[in-house]
Amino acid sequence: MSGTPVSSMLLMLVASLIGSSGAVLLKLGAMELNKGFWHILNIKLAAGVAVYLVSWYFFVLGIRHGELSVLYPMVSLGYIWTLLWARMFFKEALTREKFAGLALILLGVFFVGLGSK
Amino acid sequence: MNSPAANLTSETDGVHRRPVLLVFGCTVLGAAAQIFMKFGANRLAHPGLIGMATNLPLLSGLVLYGLSTVLLVLALKDGELSLLYPVIALTYVWVTLLSLVLLHDQPNPYKLAGIAIIVIGVSVLGRGGKR
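All values reported here derive from a predicted model rather than from experimental measurement. (Residues numbered from 1 in each chain as written. Chains lettered and ligands numbered in written order. Predicted model: local features only at pLDDT ≥ 70, side-chain atom pairs only at ≥ 80, totals over all residues. Heavy atoms only, no water.)

### Quick word on the overall build of chain B
At step 1: Secondary structure summary: chain B contains 6 helices and 0 strands in total.
At step 2: The secondary structure elements of chain B, listed N-terminal to C-terminal, are α-α-α-α-α-α.
At step 3: For chain B, with 131 residues in total, the buried portion stands at 43%.
At step 4: Taking the contacts inside chain B whose residues are at least 6 apart along the sequence as the reference set, 71% of them involve residues at least 24 apart.
At step 5: Carbon together with sulfur atoms contributes 69% to the accessible area of chain B, which is approximately 7000 Å² in total. (Helix = DSSP H or I, 4+ residues; strand = E, 2+ residues; numbered from the N terminus. Buried < 20%, exposed > 50% of the residue type's maximum accessible area, 1.4 Å probe, protein only. Contact = heavy atoms within 4.5 Å. Areas by Shrake-Rupley, 256 points an atom, 1.4 Å probe, with all protein chains shown as cover.)

### With respect to the packing of aromatic side chains
Residue and element names in this part refer to chain A.
At step 1: Counted under the stated rule, the structure contains 7 aromatic pairs over all chains.
At step 2: The interplanar angle of 50° and the centroid separation of 6.4 Å between the aromatic rings of Trp-85 and Phe-89 together place this pair among those described as tilted. One end of the pair, Trp-85, and the other, Phe-89, are both in helix 4 (residues 77-90), 4 residues apart, so they sit about a helical turn from each other. (Phe/Tyr/Trp six-rings, centres within 6.5 Å; stacked < 30°, edge-to-face > 60°.)

### Topic: helix 6 (residues 109-126) of chain B
At step 1: With 18 residues, helix 6 of chain B extends 26 Å between its outermost C-alpha atoms, agreeing within 8% with the 26 Å of an ideal straight helix rising 1.5 Å per residue.
At step 2: Summarising the contacts, the buried residues of helix 6 of chain B are in contact with helix 5 (96-114) of chain A together with helix 4 (81-84) and helix 5 (90-102) of chain B.
At step 3: Two to three positions downstream of the cap, the backbone nitrogen of Tyr-110 of chain B sits 3.1 Å from a side-chain oxygen, assigning the N-cap of helix 6 of chain B to Asn-108 of chain B. (Expected span 1.5 Å × (residues − 1). Polar contact = N/O pair within 3.5 Å; in protein donor to acceptor, adjacent residues only side chain to side chain.)

### Describing the pattern of salt bridges
At step 1: Here the structure, examined in full by the defined rule, presents 5 salt bridges over all chains.
At step 2: Of the charged contacts in the structure, one is a salt bridge between Glu-32 of chain A and Lys-44 of chain A, with a shortest N-O distance of 2.9 Å. Pair noted here: Glu-32 of chain A is in the loop between helix 1 (6-31) and helix 2 (43-62) and Lys-44 of chain A is in helix 2, with a separation of 12 residues, a long-range link.
At step 3: Overall, Lys-44 of chain A belongs to the partly exposed group, its relative accessible area being 31%.
At step 4: Between Glu-80 of chain B and Lys-98 of chain A there is a salt bridge, with its nearest N and O atoms 3.3 Å apart. Here the residue Glu-80 of chain B occupies a position in the loop between helix 3 (56-78) and helix 4, and Lys-98 of chain A occupies one in helix 5, the pair thus bridging two chains. Summarising the burial analysis for this pair, Glu-80 of chain B and Lys-98 of chain A share the class buried.
At step 5: Salt bridges here are not isolated pairs; linked through shared partners, they connect Glu-32, Lys-35 and Lys-44 of chain A. (Salt bridge = Lys/Arg side-chain N within 4 Å of Asp/Glu carboxyl O.)

### Comments concerning the interface of chain A and chain B
At step 1: With 46 residues of chain A in contact, the opposing surface of chain B contributes 43 residues.
At step 2: Between chain A and chain B, a total of about 3800 Å² is buried, with carbon and sulfur atoms accounting for 76% of that surface.
At step 3: The largest share of the area that chain A buries against chain B comes from Trp-56, Tyr-79 and Ile-105 of chain A, three residues that together contribute 16% of it.
At step 4: If you look at where chain A meets chain B, you find 1 salt bridge. (Buried area = accessible area lost by both parts, 1.4 Å probe.)

### Some thoughts on the nonpolar core
At step 1: Membership of the largest hydrophobic core comes to 45 residues, with the highest contact counts inside it found for Tyr-79 of chain A together with Leu-81, Tyr-92 and Ile-118 of chain B.
At step 2: In terms of residues, this core owes the most to one element, helix 1 of chain A, which gives 6 residues.
At step 3: Each residue touching Leu-81 of chain B, except ones within four places of it in the same chain, is listed here: Ala-23, Val-24, Lys-27, Thr-82, Ala-86, Phe-90 and Glu-92 of chain A together with Leu-76 and Pro-86 of chain B.
At step 4: Of all hydrophobic cores here, the second largest spans 7 residues; its members include Trp-56 of chain A together with Met-37, Leu-44 and Leu-58 of chain B. (Core = buried A, V, L, I, M, F, W, Y, C linked by side-chain atoms within 4.5 Å.)

### As for the side chain of Ser-20 of chain A
All names here are of chain A.
At step 1: Considering the arrangement of structural elements, one finds Ser-20 in helix 1.
At step 2: Judged by its relative accessible area of 0%, Ser-20 is buried.
At step 3: A distance of 2.9 Å separates polar atoms of two side chains, one belonging to Ser-20 and the other to Trp-85.
At step 4: Look past the residues within four positions of Ser-20 in its chain and what remains in contact with it is Gly-78, Trp-81, Thr-82 and Trp-85.

### A word on the environment of Ile-18 of chain A
At step 1: Residue placement: Ile-18 of chain A occurs in helix 1.
At step 2: Linking Ile-18 of chain A and Phe-58 of chain A, residues 40 residues apart in sequence, is a C-alpha distance of 9.2 Å.

### Here we look at the confidence of the model for chain B
At step 1: Of the residues in chain B, 85% have a pLDDT of 70 or more, and the chain-wide mean is 82.
At step 2: The low-confidence segment residues 1-11 of chain B, where pLDDT is below 50, has 2 contacts with residues more than four positions distant or belonging to other chains. (pLDDT = per-residue confidence, 0-100.)

What follows is the structure in structure tokens.
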């Protein structure tokens, strides 16, 4: 923990928040594909990808310094935000299996981080 | 039995499995992207857009990310965001395995336990979709 600057953690937190909003835009854009494959060129998907690029920029800056055991699990915080947005924007059901699965995934990512230098 | 109800069940099964398979492909490409980006980030002397834009491994990783994003979008067309998005964590599993082989990372108990737990988590999650 001591080897990880707070600034890196903040960068990862920002990256996870921005990335999760990108996921919402991707879902919105993906729904346009029901009109046909070439509707893949739509403004929502373009915005989603742009948002991902911004998130990627913060990610690369954040991962340069500090311990991956701390930084990796922080990226997967994005999964939690995305679950909330999916409930808010798309009225998706939050089932027990989704929470349990997500909790296990976060635990697993934490362990992967622990094992990374 | 050829009742309409039985047909409906098998059809919806097919519809629900396809997005999961697409996300599966998305994680494999995403893992390859991360391996390239790891190479790129390691030799990023000066952070900044110009440094990143002229870094070939980073750019290759970005292209692979683009392809994996297309698969994710095709998955999201029919699937639930709250179900599919966490499945992307499988990327960690492939990255860990690829790192063992390509980057000659030492296997260690934490990583192996971690990827096992992620796999279990994804399979638990897979049972949580709308029926």
